[in-house]
Amino acid sequence: MPTISAGVPRIEKDPHGGDVVIVPVRPYAKDMDRCTRCGKHVRPYDRLGVRRWRHLDIGCARLMLEYAPPRVTCADHGVTVAMMPWARRKSTYTRDFEQQTALLNVHAPRSAVSRLMRMDWKSVGPVCRRVADDLRAEQGPGLFDGPRSIGVDETSYRKGHKYMTVVVDHDRGRVIWMHQGHGQKVFDELVKLFVYGTYLRLLLFLWVRLWVVVVGCRVRCIGA
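On a predicted model such as this, the values are computed, not experimentally measured, just so you know.

The rules behind the values
- Residues numbered from 1 in each chain as written.
- Predicted model: local features only at pLDDT ≥ 70, side-chain atom pairs only at ≥ 80, totals over all residues.
- Heavy atoms only, no water.
- Core = buried A, V, L, I, M, F, W, Y, C linked by side-chain atoms within 4.5 Å.
- Buried < 20%, exposed > 50% of the residue type's maximum accessible area, 1.4 Å probe, protein only.
- Helix = DSSP H or I, 4+ residues; strand = E, 2+ residues; numbered from the N terminus.
- Contact = heavy atoms within 4.5 Å.
- Salt bridge = Lys/Arg side-chain N within 4 Å of Asp/Glu carboxyl O.
- Axes fitted to C-alpha atoms, helices over the stretch in contact; angles between N-to-C directions.
- Left-handed = near helix turned anticlockwise from the far one by under 90°.
- Nonpolar A, V, L, I, M, F, W, Y, C, P; charged D, E, K, R; others polar.
- Arc of directions from axis to C-beta.

Participant: Looking at this structure, how should I read the nonpolar core?
Facilitator: Proteins that are soluble and globular tend to have nonpolar side chains buried together. One finds Val-23, Val-25, Trp-53, Tyr-67, Met-84 and Trp-86 to be the most contacted residues of the largest nonpolar core, which totals 16 residues. Here this core takes 4 residues from strand S6 (residues 61-67), the largest share from any one element. If you look at the next biggest cluster of nonpolar residues, it comprises 10 residues, including Phe-97, Met-119, Val-127 and Cys-128.

Spelled out as structure tokens, the structure:
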């Protein structure tokens, strides 16, 4: 996380009402001059103007982190903005802010999350996408490697019978696939993702609302 620089935190008036706390920050020395894509220490190139990142609120006041990020030159990725340890690439929110937004969006609709976090509702989706991409990178590839029991459920995400099909790996306790819609056509898309040219013995736990159906089936994947 960042450290507070020599600058003094200050309070400004929010154009939308209320106060905004501005905290000047800088990375630790070990985190400076790193490529934002590969994370390697590289040569500095120049420095950009002051930028701000939205952090978690302090009571009723918004909190913004302020810093003038440098640009660096990387042998693999060229000239790019240096890595900011408190924020993801191309994001105007801090990691902590995005983590909380993504967590709330798991349990509440996007409109409620945008009101609670005091952010544009159109920004909730990209924030959740960045958090999900980081989680996938940490977990590594192989979501479909060796599943023995999976759960398939449909959940509504918008008024007007809009459904999302969600597949969970019970052994590893994680979501491995999601697709808009529901029914046989969506499940056929799931089958196409498994290893080609093999027979799979799947124990499917299918939850459809309040009913639980246990099905043992043999599926031949495409290309056998």
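Anyway, onward from the coordinates.
Participant: Help me understand the environment of Val-106, please; the structure alone is not making it clear to me.
Facilitator: Note that Val-106 resides in helix H1 (residues 95-107). Its relative accessible area of 64% is what places Val-106 among the exposed residues.

Participant: Quick question: what am I supposed to make of the environment of Pro-44 here?
Facilitator: For Pro-44, the location among the structural elements is in strand S4 (residues 43-47). Among the residues examined, Pro-44 registers a relative accessible area of 54% and is labelled exposed. Residues Pro-44 and Asp-33, 11 residues apart in the sequence, show an inter-C-alpha distance of 6.0 Å. The residues contacting Pro-44, other than those within four sequence positions of it, are Asp-33, Arg-71 and Val-72.

Participant: Would you mind going over the pattern of salt bridges with me for this structure?
Facilitator: This structure, assessed with the given rule, holds 16 salt bridges. Residue Arg-10 is joined to Glu-66 by a salt bridge in which the shortest nitrogen-to-oxygen separation is 2.9 Å. Separated by 56 residues along the polypeptide, Arg-10 in strand S2 (residues 10-13) and Glu-66 in strand S6 bring together distant segments of the chain. The partner of Arg-54 in a salt bridge is Asp-57, and the shortest N-O contact between them spans 3.1 Å. Among the residues examined, Arg-54 registers a relative accessible area of 6% and is labelled buried. Members of the salt-bridge network, linked through shared partners, are Arg-88, Arg-95, Glu-98, Arg-130 and Asp-134.

Participant: Would you take a moment to explain unusual backbone geometry for this structure?
Facilitator: Where the residue is not glycine, phi is negative for most of them; where a peptide bond is considered, it is trans in most cases. Of note in the backbone geometry, Lys-90 takes a positive phi value of approximately 60 degrees without being a glycine. By secondary structure assignment, the location of Lys-90 is in the loop between strand S8 (78-81) and H1. Since its relative accessible area comes to 73%, Lys-90 is described here as exposed.

Participant: Quick question: what am I supposed to make of the environment of Tyr-28 here?
Facilitator: Inspection of the secondary structure puts Tyr-28 in the loop between strand S3 (19-26) and S4. On the basis of relative accessibility, which here comes to 41%, the residue Tyr-28 falls in the partly exposed class. Spatially, the C-alpha atom of Tyr-28 lies 8.8 Å from that of Pro-85, the residues being 57 residues apart in sequence.

Participant: I tried to follow the packing of H1 against helix H2 (residues 110-117) on my own but got confused; where do I start?
Facilitator: When two helices pack together, you describe them by how their axes are tilted relative to each other and by the distance separating the axes. It is the contact of H1 with H2, at a shortest axis distance of 9 Å, that shows an interaxial angle of 145 degrees. In this structure, H1 crosses over H2, and the sense of that crossing is right-handed. Taking contact as the criterion, the partners of Phe-97, Gln-100, Thr-101, Leu-104 and Asn-105 in H1 are, on H2, Arg-110, Val-113, Leu-116 and Met-117. For the contact of H1 with H2, a count of residues per class yields 5 nonpolar, 3 polar and 1 charged.

Participant: For this particular structure, what's the right way to read helix H4 (residues 184-192)?
Facilitator: Since there are 3.6 residues in each turn of an α-helix, residues three or four apart along the chain are aligned in direction. Of all the positions in H4, only Val-186, Leu-190 and Val-191 are classed as buried. Seen end-on, H4 carries its buried residues on one side only, within an arc spanning 150 degrees. Seen from the buried face of H4, the exposed residues on the opposite side, beyond 90 degrees, are Gln-184 and Lys-185.

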